[in-house]
Amino acid sequence: MTAMRYWTLADGPVPPSPRPDTFALKSGGLPAPGPGQALTRTIYVSLDPYQWGYKRRAVEPAGAPCHARTVAQVLESRMDGFAAGDLVFNTNGWADHSLMGEGVWRPTYMVPRRLDPALGRISQAVGVLGMLGLTAYAGMILLAQPKAGETAVVSAASGGVGQIAGQLARLRGARVVGIAGREAKCRWVTEELGFDACVSHLSATFAQDLAAACPDGVDVYFENVGGAVFDAVLPLFNPGARMTICGLIAHYGEAGDARAALMDRGQRVFSERGVTVKDLFVGDFVADHHDAFLAEMGPLVASGEVKYREDIRQGLEAIPGAFIEMMGGGNFGKMLVRVGPDPTL
C-alpha cells in the first residue's frame, strides 16, 4: 500500500453541531517514519464527545486528520520500544494509517503504549481499559468517593464512561441510579449492569421519575450531560453531596461558558447544602493513577464483575455518520469504528 485515507474538517466555519458536510475524505501518500517515529495502521477509532470540542476550538492542526484515540498495529518502526507487529494505543485519528512518535502532534497526556491482548479485547484500550475507564475511575472513585449506602446518580449511564462510573459506585456499595434515553438502554443499565434504577430523560415526567428513584436524595452525581438533566438532579442534592463534571454534551454546540452557566443555576443549592463540585480532566490522572487503575479494572473486566458494551461500526467511510449519531445520543454503548483487520479476532 502506498496511500493513506483520512477524514479532515472541510473548508469553512465549523457549525455548532456536526453535519455530513463538516468533514472531507482525503488521501495522501503513505508517510515513511523518521528517527523516533513508527508507521502504524489503524484498527479501531474511538469516537467521543470531547472530540467535537477540539474541532470547535481549532485544537487540531489545520488540514490534519480529525483527532481520535485509536488502536493500531505497527508496520515499520524507528521508535524505541516499538517493533513491527506490535499492537498499540495511539492517536492516529480518523485515518487508516499514520505516524506516531517524535514530532507527531498529539495531546500531551495521550502517550503511545504497547497493548497486551491477554489483558482484554484490544478495542477496550480506547474504552474500559483505556482513557474512558480512567475517566470513570478518576471522576467517581478519586473525586466523588461514593460510600456504602449512599445514592449515586450517573447521567448518560449507558455511554462509554457512564456505564463504568455507575458500576464502580455499585462495587463500593452505593445505590446507583442511571439516567439514559430510550427504554432499551434503561433496561440494559439495570438488568445487565446492575444499577438499582434507571430513568429516561425522554420521559414527559422525567424530573418526577428521578425524584421517585432517589427517595433518600442524591449524595453523588456524575455529570455527563448538563441541561435539563442537571436541572432535575439539582433539587435532590443532600447536604455534603459531591458532583463531578465529566462532560456537558447538551451544551457542546452552544456559544458561551456552559460550565459557568450551570454553576450559576446551581449556586444557591450548592452553597446552602455544601455541595462540592469538581471538574474532571483525565489528563491530570494519567501519570499517577493509570497503572493503579489498570491493576484494579483489568481483573474486574476479565471476571465479568464489570461489564462493558461497545457499539462498533465498520469502515473508514462510516466515521462521520457514526460520530454525528453518537453526538445525538444514538449510540448504545461505547462508539467506535473498526477501520482495519483486528489480528486478535
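Numbers given to residues run from 1 along each chain, matching the order in which its sequence is written. With the structure being a predicted model, the display of local features is reserved for residues of pLDDT at least 70 and the display and counting of side-chain atom pairs for 80 or more, all residues being used for whole-chain, interface and lining totals. Hydrogens are left out, water is left out, and the side-chain values use all remaining heavy atoms of the structure.

## Remarks on the overall build of the protein
Then step 1. Numbering of helices and strands runs from the N terminus, with a helix taken as a DSSP run of H or I at least four residues long and a strand as a DSSP run of E at least two residues long. Counting its secondary structure elements, the protein contains 9 helices and 15 strands.
Then step 2. Here the radius of gyration uses the C-alpha set of atoms, whereas the globule reference equals 2.2 Å times the residue count to the power 0.38. Taken over the C-alpha trace, the protein has a radius of gyration of 20 Å; the compact-globule value for 345 residues is 20 Å, and the two agree within 12%.
Then step 3. Here the C-alpha coordinates of the protein stretch approximately 60 × 45 × 35 Å along the principal axes.
Then step 4. Counting only contacts in the protein whose residues sit at least 6 apart along the sequence, the fraction spanning at least 24 positions is 69%. It only takes one pair of heavy atoms within 4.5 Å for two residues to be counted as in contact.

## Topic: the sheet that holds strand E12 (residues 237–245)
Then step 1. Pairing within the open sheet is parallel, and its 6 strands lie in the order E10-E9-E8-E11-E12-E13. Each having just a single partner strand, strand E10 (197–200) and strand E13 (276–279) make up the two edges of the open sheet. The average undirected angle you get between the axes of adjacent strands in this sheet is 15°.
Then step 2. Of the pairings in the sheet, the one linking strand E9 (residues 175–180) to E10 comprises 4 bridges and is parallel in character. Bridged to Ala 180 within E10 is Ser 200.
Then step 3. A fitted line through C-alpha atoms serves as each axis, taken over the contacting stretch for helices, and the angle formed by two N-to-C directions is quoted from 0 to 180°. Against the sheet, helix H3 (residues 162–171) touches strand E8 (151–154), E9 and strand E11 (218–223), its axis set at about 175° to E8.
Then step 4. Contacts between helix H7 (residues 258–273) and the sheet are confined to E11, E12 and E13, with E12 contributing the most and set at about 155° to the helix. Each pair of strands is called paired provided DSSP finds at least two bridges between the two strands.

## Some details on the packing of helix H2 (residues 131–144) against H3
Then step 1. Running from amino to carboxyl end, H2 crosses H3 at an angle of 45°, the nearest separation of the two axes being 8 Å. The orientation of H2 relative to H3 falls into the category oblique. Between H2 and H3 lies a crossing of right-handed hand. The segment H2 lies against H3, with Leu 132, Gly 133, Ala 136, Tyr 137, Met 140 and Ile 141 engaging Ile 164, Ala 165, Leu 168 and Ala 169.
Then step 2. Each residue gets one label: Ala, Val, Leu, Ile, Met, Phe, Trp, Tyr, Cys and Pro are nonpolar, Asp, Glu, Lys and Arg are charged, and the others, such as Gly, are polar. A per-class count over the contact of H2 with H3 returns 9 nonpolar, 1 polar and no charged. Each angle gets one of four labels, with under 35 degrees taken as roughly parallel, over 145 as roughly antiparallel, 65 to 115 as roughly perpendicular, and the rest as oblique. When the near helix sits turned anticlockwise from the far one by under a right angle, the crossing is termed left-handed; a clockwise turn instead gives a right-handed crossing.

## Digging into the layout of surface pockets
Then step 1. Reported here for the second largest pocket is a volume of approximately 410 Å³.
Then step 2. Every residue lining the second largest pocket is counted, 25 residues in all, and those nearest its centre are Arg 113, Leu 115, Leu 119, Leu 129 and Leu 294.
Then step 3. Residue assignment for the lining of the second largest pocket shows that the elements contributing at least two residues are strand E7 (113–114) and helix H8 (286–303).
Then step 4. Among the elements that make up the lining of the second largest pocket, the one with the highest residue count is H8 (7 residues).
Then step 5. Classifying every residue of the lining of the second largest pocket gives 16 nonpolar, 4 polar and 5 charged. Using only the protein atoms, space was sampled on a 1 Å grid; points where a 1.4 Å probe fits but cannot get out form cavities, open sets with protein on both sides within 12 Å along at least five of seven lines form pockets, and lining residues are those with an atom within 4 Å of a point. Grid points are joined across faces, edges and corners, and a volume is the space filled by probe spheres set on the points.

## A short note on the pairing of strand E15 (residues 334–338)
Then step 1. The buried fraction of E15 is high, at 4 of 5 residues.
Then step 2. Two elements, strand E3 (residues 37–46) and E15, share 3 bridges in a ladder whose sense is antiparallel. Within the sheet, the bridge partner assigned to Tyr 44 lies in E15 and is Arg 338.
Then step 3. Relative to E15, strand E14 (residues 310–314) runs parallel, the two sharing 5 bridges. Along E15, the bridge assignment pairs Asp 311 with Met 335.
Then step 4. When the strands point away from the viewer, a crossover counts as right-handed if the path from the first strand over the helix to the second runs clockwise. For the crossover that starts at E14, traverses helix H9 (residues 319–327) and ends in the parallel E15, the hand is right-handed. Exposed residues in this analysis have more than 50% of their type's maximum accessible area, buried residues have under 20%, and partly exposed residues fall in between, with area computed by a 1.4 Å probe over protein chains only.

## Comments concerning the packing of H2 against H8
Relative placement of two packed helices is described by the angle separating their axes and the distance separating the axes.
Then step 1. Where H2 meets H8, the axes come as close as 10 Å, and the angle between the chain directions of the two elements is 100°. When the axes of H2 and H8 are compared, the pair comes out roughly perpendicular. Side by side, H2 and H8 meet where Met 131, Gly 133, Leu 134, Tyr 137 and Leu 142 of the first sit next to Val 286, His 289, His 290, Phe 293 and Glu 296 of the second.
Then step 2. Here the contact of H2 with H8 is composed, by residue class, of 6 nonpolar, 3 polar and 1 charged.

## Concerning the packing of aromatic side chains
The relative placement of two aromatic rings is captured by the distance of their centres and the angle of their planes.
Then step 1. Working definition: rings of Phe, Tyr and Trp (its six-membered ring) pair if their centres are within 6.5 Å, and the pair is stacked with planes under 30 degrees apart, edge-to-face with planes over 60 apart, and tilted otherwise. What the rule picks out here adds up to 11 aromatic pairs.
Then step 2. The interplanar angle of 80° and the centroid separation of 5.2 Å between the aromatic rings of Tyr 50 and Tyr 54 together place this pair among those described as edge-to-face. With Tyr 50 and Tyr 54 both in helix H1 (residues 50–56) and 4 residues apart, the pair spans about one turn of that helix. For the pair formed by Tyr 50 and Tyr 54, the shared burial category is buried.
Then step 3. Taken together, the ring pairs in this structure connect Phe 23, Trp 52, Trp 94 and Phe 323 into an aromatic cluster.
Then step 4. Remark: a charge is flagged as sitting over a ring if the NZ atom of Lys or the CZ atom of Arg is within 6 Å of the ring centre and within 35 degrees of the ring normal. Here the basic side chain of Arg 309 rests over the ring of Trp 188, its NZ or CZ set 5.8 Å away from the ring centre.

## What about the nonpolar core?
Then step 1. Put simply, a nonpolar core is a bunch of buried Ala, Val, Leu, Ile, Met, Phe, Trp, Tyr and Cys residues held in one set by side-chain atoms that sit within 4.5 Å of each other. Counting residues in hydrophobic clusters, the biggest one holds 56 residues, and the most contacted among them are Val 128, Met 140 and Met 297.
Then step 2. The next biggest cluster of nonpolar side chains, apart from the first, holds 30 residues, and it includes Leu 210, Cys 214, Ile 245 and Val 275.

## Considering unusual backbone geometry
Then step 1. One non-glycine residue, Ala 58, adopts positive backbone phi at about 55°.
Then step 2. The backbone phi angle of Ala 156 is positive, close to 50°, even though this residue is not glycine.
Then step 3. Checked against the element boundaries, Ala 156 lands in the loop between E8 and H3.
Then step 4. Owing to a relative accessible area of 30%, Ala 156 belongs among the partly exposed residues under this scheme.

## Examining the pattern of salt bridges
Then step 1. Definition used for salt bridges: Asp or Glu carboxyl oxygen within 4 Å of a side-chain nitrogen of Lys or Arg. Summed over the entire model, instances satisfying the criterion amount to 14 salt bridges.
Then step 2. Linking Glu 150 and Arg 242 is a salt bridge whose minimum nitrogen-to-oxygen distance equals 2.7 Å. Within this pair, whereas Glu 150 is found in the loop between H2 and E8, its partner Arg 242 is found in strand E12, the two being separated by 92 residues in sequence. Side by side, Glu 150 and Arg 242 carry an identical accessibility label, which is buried.
Then step 3. Two residues, Asp 231 and Arg 265, come together in a salt bridge whose shortest N-O distance is 2.9 Å. With Asp 231 in helix H6 (residues 227–233) and Arg 265 in helix H7, this pair connects stretches of sequence that are 34 residues apart.
Then step 4. By relative accessible area, which is 36% here, Asp 231 ends up partly exposed.
Then step 5. Several salt bridges converge on common partners, so that one network encompasses Arg 5, Asp 96 and Glu 317.

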